[in-house]
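Residue strings, one per chain:
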Amino acid sequence: MKTLLSILIIVVFLFVTSSTLLYSADLLGDSMKKGLPKLPGSGSQTTGQPTGAGLDDSTISSGLKDALSVGTRNAVSLVSKANGYFGNKAIKILLPDNIQKAADLARKVGAQKQVDEFIMSMNRAAEKAAPKAVDYFADAIKEMSIEDARKILSGGNTSATQYFKKKTSSKLYNEFKPSVSESMNQVGVTRSYNAMMGKVPSVPFGKQESVDLDHYVTTKALDGLFYMVGQEEQKIRTNPAARTTDLLKKVFSK
C-alpha cells in the first residue's frame, strides 16, 4: 500500500514539473519572438542634438561667418609674426623640389650659409605679406550663402576651411601674389637664391633648373595660411574656450 502511494506521489510530481517546464518554454518562445528586454545601456543610444539644432538660418550663417572671421584673424596673426612660417614645422616653406639637388651640391662645397639664407628669406617674405590676406578673407566670407552655411555646419572639423579654400584659392592667389612678390624684393629672396645658385659647381652637359619664385612662395604661403585657418576652425568646433563671442557659443554648442 505504501509502495503504491509513493508511486502516485512521484507521478503527480513529474506531471506538475513537466507542465511548469512547458509553460516556461512557451513564455521563452513568446519573449524571443517579441524581443528580449534590453539591458541598461545596451542598444542604440540617444545622441545629443547636432550643432546649431533649433537655430534659424540667419543665426547659423552669421555664426559661421563669425567663426571664419575669428579663425582667419587668428591664423593671420600667428603666421605674420617673426618665425610664424619659419618656426612652424607644419607650414615652413622649404626648398622647391626642382632645385633640391643644386642646393645639395651647394652645401657640399661649403655654401650651407647661402642655402639657409635662401630658405629663411622665402619664409620671411610669406610672414611679411600675410597681414594683407585679412581683407581678402573678409570679402570672401561675406559671399557665403545660407545654404553653404547649413552644409558646412554639419560637416567635418575643417569643412568651412575646405569650402573657403575651394571658393577663394584662385582669387586669393591672384591678389596675394603681388604682396608676396613685393615682400620678396624687400627681404631679398632673389638675391639669396642667386647667391646660393652661384655656389653650385658647373656640371658638364647639365642645365640649371629654373624656378618661379613668386609662384612658389605665394602658393606655399597660402597653403600654410589655410592650414592655420583649419587649425583655428577645429579649436572653435571642439574647444568651448575658443568660442570668444556669444554668437559662436550659441551656434557651436551642442
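Residues numbered from 1 in each chain as written. Predicted model: local features only at pLDDT ≥ 70, side-chain atom pairs only at ≥ 80, totals over all residues. Heavy atoms only, no water.

Draft legend 1. Representation of the packing of helix α5 (residues 133-142) against helix α7 (residues 159-187) within the structure. The geometry of α5 relative to α7 is characterised by a closest axis approach of 10 Å and an angle of 150° between their N-to-C directions. Comparing the axis directions of α5 and α7 gives the class roughly antiparallel. You can see that α5 and α7 cross each other, and the crossing is right-handed. Here Ala 133, Tyr 136, Phe 137, Ala 140 and Ile 141 of α5 lie close against α7, whose contacting residues are Phe 164, Thr 168, Leu 172, Glu 175, Phe 176 and Ser 179. Residue composition of the contact of α5 with α7, grouped by class: eight nonpolar, two polar and one charged. (Axes fitted to C-alpha atoms, helices over the stretch in contact; angles between N-to-C directions. Helix = DSSP H or I, 4+ residues; strand = E, 2+ residues; numbered from the N terminus. Parallel < 35°, antiparallel > 145°, perpendicular 65-115°, else oblique. Left-handed = near helix turned anticlockwise from the far one by under 90°. Contact = heavy atoms within 4.5 Å. Nonpolar A, V, L, I, M, F, W, Y, C, P; charged D, E, K, R; others polar.)

Draft legend 2. Expanded view of helix α6 (residues 146-153). All of the buried residues in α6 are Asp 148, Ala 149, Ile 152 and Leu 153. Within α6, the buried residues cover an arc of 125° as seen down the axis, which keeps them to one side. Opposite the buried face of α6, by more than 90 degrees, sit the exposed residues Glu 147 and Lys 151. (Buried < 20%, exposed > 50% of the residue type's maximum accessible area, 1.4 Å probe, protein only. Arc of directions from axis to C-beta.)

Draft legend 3. Molecular detail of a negative patch on the surface. Residues Asp 135, Asp 139, Glu 143 and Glu 175 make up a contiguous surface patch of negative charge. You can call Glu 143 exposed: its relative accessible area is 58%. (Patch = residues over 30% accessible without salt bridge, like charges linked within 9 Å, V, L, I, M, F, W, Y side chains within 5 Å. Areas by Shrake-Rupley, 256 points an atom, 1.4 Å probe, with all protein chains shown as cover. Salt bridge = Lys/Arg side-chain N within 4 Å of Asp/Glu carboxyl O. Lys, Arg positive; Asp, Glu negative; His and termini not counted. Charge placed at Lys NZ, Arg CZ, Asp CG, Glu CD.)

Draft legend 4. Quick peek at the side chain of Ser 183. By the element assignment, Ser 183 lies in helix α7. For Ser 183, a relative accessible area of 4% gives the class buried.

Draft legend 5. Highlighting the pattern of salt bridges. Tallied over the full model, the rule gives six salt bridges. Where Lys 132 meets Glu 182, a salt bridge forms, and the shortest distance between an N and an O atom there is 3.5 Å. Here the residue Lys 132 occupies a position in the loop between α4 (112-129) and α5, and Glu 182 occupies one in helix α7, the gap between them amounting to 50 residues. The class of Lys 132 is partly exposed, set by a relative accessible area of 39%. Residue classification places Glu 182 among the partly exposed residues on the basis of a relative accessible area of 40%. Close ionic contact of Lys 235 with Glu 232 constitutes a salt bridge, the shortest N to O distance being 3.3 Å. Placement of the pair is Lys 235 and Glu 232 together in helix α9 (residues 213-238), with a separation of three residues, close to one helical turn. Look at Glu 232 and you get buried, because its relative accessible area is 8%.

Draft legend 6. Layout of the environment of Arg 191. Structurally, the position occupied by Arg 191 is in helix α8 (residues 189-197). The class for Arg 191 is exposed, based on a relative accessible area of 58%. Taking C-alpha positions, Arg 191 is 9.8 Å from Glu 117, a pair spaced 74 residues apart along the chain.

Draft legend 7. Looking closely at the nonpolar core. Counting residues in each nonpolar core, the largest one holds 61 residues, and the members touching the most others are Tyr 85, Phe 118, Phe 137, Met 196, Leu 225 and Phe 252. Per element, the largest residue contribution to this core is ten residues, and it comes from α9. Contact partners of Met 196, with chain neighbours within four places excluded, come to Leu 95, Ile 99, Ala 103, Ala 106, Gln 114, Val 115 and Phe 118. (Core = buried A, V, L, I, M, F, W, Y, C linked by side-chain atoms within 4.5 Å.)

Draft legend 8. Examining the packing of helix α3 (residues 100-108) against α4 more closely. α4 packs onto α3 with a crossing angle of 140° between their chain directions and a minimal axis gap of 7 Å. Taken together, the axes of α3 and α4 lie oblique to each other. Counted together, Ala 103, Ala 106 and Arg 107 of α3 and Gln 112, Val 115 and Ile 119 of α4 form the full contact between these two elements. Partitioned by chemical class, the residues of the contact of α3 with α4 number four nonpolar, one polar and one charged.

Draft legend 9. Spotlight on the side chain of Arg 243. Note on placement: Arg 243 falls in the loop between α9 and α10 (246-252). Here Arg 243 occupies a buried position and makes no salt bridge, while the nearest side chain of opposite charge, Asp 66, is found at 11 Å. A distance of 2.8 Å separates a polar atom in the side chain of Arg 243 from the backbone oxygen of Ile 236. Contact partners of Arg 243, with chain neighbours within four places excluded, come to Ile 236, Arg 237, Thr 238, Leu 248, Lys 249, Phe 252 and Ser 253. (Polar contact = N/O pair within 3.5 Å; in protein donor to acceptor, adjacent residues only side chain to side chain.)

Draft legend 10. Layout of the packing of aromatic side chains. Summed over all chains, the structure comprises two aromatic pairs. Ring geometry for Phe 118 and Tyr 193: centres 5.4 Å apart, planes at 50°, overall tilted. Note that Phe 118 is positioned in helix α4 and Tyr 193 in helix α8, a separation of 75 residues in sequence. For the residue pair Phe 118 and Tyr 193, the accessibility class agrees, reading buried in each case. (Phe/Tyr/Trp six-rings, centres within 6.5 Å; stacked < 30°, edge-to-face > 60°.)

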